[in-house]
Amino acid sequence: MSSTILEQARKAVEGKELSIVFPEGTDKRILEAAIRHNEEGLIKPIVLGNKDEIQKAADENGLNLGDLEIIDPANDSHFDEFVEKFVELRKGKNTKEDAEKMLQNTNYYGVMMVKTGLANGMVSGAVGTTGDTIRPALQLIKTKPGVSRVSGVMIMVGDNGEQYVFSDVAVNITLEAQEMAEVAVESANTAKLFGIDPKVALLSFSTKGSAKHELVDKVAEAAKISKELAPDLAIDGELQFDAAIDPTTASKKAPDSNVAGQANVFIFPDLQAGNIGYKIAQRLGGFKAIGPILQGLNAPVNDLSRGCSADDVYETAIITASQAAAE
Ligand SMILES: CC(C)(COP(=O)(O)OP(=O)(O)OC[C@H]1O[C@@H](n2cnc3c(N)ncnc32)[C@H](O)[C@@H]1OP(=O)(O)O)[C@@H](O)C(=O)NCCC(=O)NCCS
Ligand SMILES: CC(=O)OP(=O)(O)O
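- Identification of the chain as Phosphate acetyltransferase from Anaerococcus martiniensis is taken from an unreviewed UniProt entry.
- Annotation of the chain in UniProt includes, under Sequence similarities (unreviewed entry), the sentence "Belongs to the phosphate acetyltransferase and butyryltransferase family."
- In UniProt, the chain has this text filed under Catalytic activity (unreviewed entry): "acetyl-CoA + phosphate = acetyl phosphate + CoA".

Set out below in structure tokens:
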């Protein structure tokens, strides 16, 4: 990870004794990261799962659990209280029987720990899909006031330390113009949280009307709304990627823009573009991808890519704790 981002997150977390829950306790990468955190003491890791299965996974991978805290939802003293709270939070959408079943799933249990303050944040998704990982948080932790859609950004870090925010790469398959505008403003806030001065480009296959299509109109409308939502923000669209990032192209395609040619926060028009876009930058461009970092939730829960390494898990936990520290 870029030392700047990690150092910034570390500083935000130091001395705060924040706890992060890891629901995928039998995964080697999760265990490695949790053990490392337990030894270092910057944050307090809590691992979920059946204790015998976790011990077996540790033994098979030559890992020493030490005094790592492990909670087995099936035998935890908070289980009954969580069932009651779950039913109350779901307001008629799930029964007590549903709650008892769903809380056997460690992602739901971890989210309830965050919701009830027993943990400050959660990191999961090394094994499960994004949908299965984040649905419990969407259902129980919900969005912050004023935010209608949770979304996910990747911070892309190049070899020379250059940093870009790509959004939404993780959650919303499509967005309406108003929602896209909100995601653009939230993404700028996330950029600021990690020390990036945001210049936000709403991306399209068109620059300032060079192509005509309803999809282009939607991005242009989102740019207009986002300027109204955050008048002090440097934000513009619709822009093609080359106009957004390259000053020479920008001077030809969008000479009057205060963002074109210098954008560092890229808002993709839908999830196909965003998810493919970040993986191209990562796999062909050699950029390190940090995230997805979820934004807009009432408490920090972060997803991992299933292709993550133990280092990614370790770092995502620090990022998650830094989001908790900022609340
Ligand atoms: C996120 C996702 C799983 C939600 O899908 P879903 O569970 O079928 O969605 P539903 O419409 O049933 O919503 C489930 C709950 O989450 C809420 N929700 C869904 N998307 C949300 C969002 N973006 N922000 C806030 N809440 C959201 C719904 O309001 C609903 O809440 P409720 O149960 O209290 O009514 C789905 O949008 C998805 O699969 N996205 C793509 C994930 C992915 O594969 N990314 C690529 C890899 S990172
Ligand atoms: C973020 C992401 O694309 O996750 P995965 O690779 O697990 O689908």
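Still to come is the rest of the account.
1. Overview of the packing of helix H2 (residues 28-40) against helix H13 (residues 310-325)
Thinking step 1. It is the contact of H2 with H13, at a shortest axis distance of 8 Å, that shows an interaxial angle of 50 degrees. When the axis of H2 is compared with that of H13, the two are oblique. When the axes of H2 and H13 are compared, the crossing they make is right-handed. Where H2 abuts H13, its residues Arg29, Ile30, Glu32, Ala33, Arg36, His37 and Glu40 lie against Ala310, Asp311, Val313, Tyr314, Ala317 and Ile318.
Thinking step 2. Among the residues forming the contact of H2 with H13, the class breakdown is seven nonpolar, one polar and five charged.

2. Here we look at H2
Thinking step 1. Its 13 residues place the ends of H2 18 Å apart at the C-alpha level, agreeing with the 18 Å of an ideal helix rising 1.5 Å per residue.
Thinking step 2. Of all the positions in H2, only Ile30, Leu31, Ala33, Ala34, Ile35 and His37 are classed as buried.
Thinking step 3. Those residues of H2 that are buried are in contact with strand S1 (19-22), strand S2 (44-48), helix H3 (51-60) and H13.
Thinking step 4. A side-chain oxygen of the first residue of H2 lies 2.9 Å from the backbone nitrogen of Arg29; this N-cap is Asp27.
Thinking step 5. Phi for Gly41, located one or two positions after H2, is positive at around 80 degrees.

3. As for the site of ligand 2
Thinking step 1. What surrounds ligand 2 is the set Thr130, Asn275, Tyr278, Lys279, Pro292, Ser305 and Arg306.
Thinking step 2. At a separation of 3.0 Å, an oxygen atom of ligand 2 approaches a polar side-chain atom of Asn275.
Thinking step 3. At a separation of 2.9 Å, an oxygen atom of ligand 2 approaches a polar side-chain atom of Arg306.
Thinking step 4. Coverage of ligand 2 by the protein chains reaches 86% of its 260 Å² of free accessible surface.
Thinking step 5. Residue composition of the shell around ligand 2, grouped by class: two nonpolar, three polar and two charged.

Calculation notes
Residues numbered from 1 in each chain as written. Chains lettered and ligands numbered in written order. Predicted model: local features only at pLDDT ≥ 70, side-chain atom pairs only at ≥ 80, totals over all residues. Heavy atoms only, no water. UniProt positions renumbered as here; feature names shortened; annotations may be inferred. Axes fitted to C-alpha atoms, helices over the stretch in contact; angles between N-to-C directions. Helix = DSSP H or I, 4+ residues; strand = E, 2+ residues; numbered from the N terminus. Parallel < 35°, antiparallel > 145°, perpendicular 65-115°, else oblique. Left-handed = near helix turned anticlockwise from the far one by under 90°. Contact = heavy atoms within 4.5 Å. Nonpolar A, V, L, I, M, F, W, Y, C, P; charged D, E, K, R; others polar. Expected span 1.5 Å × (residues − 1). Buried < 20%, exposed > 50% of the residue type's maximum accessible area, 1.4 Å probe, protein only. Polar contact = N/O pair within 3.5 Å; in protein donor to acceptor, adjacent residues only side chain to side chain. Near = heavy atom within 4 Å. Areas by Shrake-Rupley, 256 points an atom, 1.4 Å probe, with all protein chains shown as cover.

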